[in-house]
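Overview (structure and organization)
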Amino acid sequence: MDRDASFRAFVDAHQHSLLRLAYLLTGETHRAEDLLQSVLVRMIGRWPKLHHIDNLDAYARKAMVNQYISWRRRRGSNETPSADPPDRAYSTEDSAVLRVVLHQALMRLTPKQRAVIVLRFYEDRTERDVADLLGCSVGTVKSQAHHALARLRSLAPELAPRLPALDDPARSEGARR
């Protein structure tokens, strides 16, 4: 298979899950598309060396998280968060409202905390997988997840009953394998 065909096959197989990850990280459709495109452009330039890697999906995810964190660093702290979320016209039990509230709370986490939450709970990855993808220790993943969940509970108390408990044995490494 030639270079272009193998890259197209990779993109066809993984673009939807990679775009979902990009959206969960950025919180915006257009920025997610930009993030994915940026990572794929870098990957095709390195494709002759990369296509021999066993787990290209994991490589792309790690590249995406790193690129996202890099973008956030460059934008710096000159961003000002928008006003408080709008008054809710619906019950907090309405799933659409809960998604909006969760989205707004996620956008207020640090980039690394958001990456840990997205990879750990949205993508249901083990702590070891997240640590490998982010290039950090399992302890760092646990700490970031703990702080991020505590922050989510304080930012959106209505989500607290739906957020995973960190001491939940069903979420631990041993129970997942």
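Above this text you will find the structure in question.
Residues numbered from 1 in each chain as written. Predicted model: local features only at pLDDT ≥ 70, side-chain atom pairs only at ≥ 80, totals over all residues. Heavy atoms only, no water.

Considerations on the pattern of salt bridges
- In the structure shown here, the tally under the stated rule is 5 salt bridges.
- Between Glu123 and Arg61 there is a salt bridge, and its shortest N-O distance comes to 2.6 Å. With Glu123 in the loop between helix 6 (111-122) and helix 7 (127-134) and Arg61 in helix 4 (residues 56-75), this residue pair connects regions lying 62 residues apart in the sequence.
- Taking the relative accessible area as the measure of exposure, Arg61 reaches 4% and is therefore buried. (Salt bridge = Lys/Arg side-chain N within 4 Å of Asp/Glu carboxyl O. Helix = DSSP H or I, 4+ residues; strand = E, 2+ residues; numbered from the N terminus. Buried < 20%, exposed > 50% of the residue type's maximum accessible area, 1.4 Å probe, protein only.)

Notes on the side chain of Arg114
- Following the sequence through the fold, Arg114 ends up in helix 6.
- We classify Arg114 as buried; its relative accessible area is 1%.
- Only 2.5 Å separates the side chain of Arg114 from the backbone oxygen of Leu25, close enough to count as a polar contact.
- Setting aside chain neighbours within four positions, we find Arg114 in contact with Leu24, Leu25, Thr26, Tyr68, Leu106, Met107, Arg108 and Leu109. (Polar contact = N/O pair within 3.5 Å; in protein donor to acceptor, adjacent residues only side chain to side chain. Contact = heavy atoms within 4.5 Å.)

What about the packing of helix 6 against helix 7?
- Axis separation between helix 6 and helix 7 bottoms out at 9 Å; the angle between their running directions is 135°. The orientation of helix 6 relative to helix 7 falls into the category oblique. Seen from above, helix 6 lies across helix 7 with right-handed handedness. Between helix 6, through Ala115, Val116, Leu119 and Arg120, and helix 7, the contact on the second element is made entirely by Glu127, Val130, Leu133 and Leu134.
- Residue composition of the contact of helix 6 with helix 7, by class: 6 nonpolar, no polar and 2 charged. (Axes fitted to C-alpha atoms, helices over the stretch in contact; angles between N-to-C directions. Parallel < 35°, antiparallel > 145°, perpendicular 65-115°, else oblique. Left-handed = near helix turned anticlockwise from the far one by under 90°. Nonpolar A, V, L, I, M, F, W, Y, C, P; charged D, E, K, R; others polar.)

Digging into the side chain of Arg61
- Within the structure, Arg61 has its side chain in polar contact with the side chain of Ser17 (distance 3.0 Å).
- With near-sequence residues (within four places) excluded, Arg61 lies in contact with Ser17, Leu18, Leu21, Glu123, Arg125 and Leu133.

As for helix 5 (residues 95-106)
- Along its 12 residues, helix 5 runs 16 Å from first to last C-alpha, staying within 8% of the 16 Å computed at 1.5 Å per residue.
- Along helix 5, the residues that are buried comprise Val97, Leu98, Val101, Ala105 and Leu106.
- Residues of helix 5 that are buried sit in contact with helix 6 and helix 8 (138-155). (Expected span 1.5 Å × (residues − 1).)

Let's talk about the packing of helix 6 against helix 8
- Where helix 6 meets helix 8, the closest approach of the two axes is 9 Å, and the angle between their N-to-C directions is 100°. Considering their axes alone, helix 6 and helix 8 lie roughly perpendicular with respect to each other. Here Lys112, Gln113, Val116, Ile117 and Phe121 of helix 6 come into contact with helix 8, specifically with Val141, Gln144, Ala145, His147, Ala148 and Leu149.
- By residue class, the composition of the contact of helix 6 with helix 8 is 7 nonpolar, 3 polar and 1 charged.

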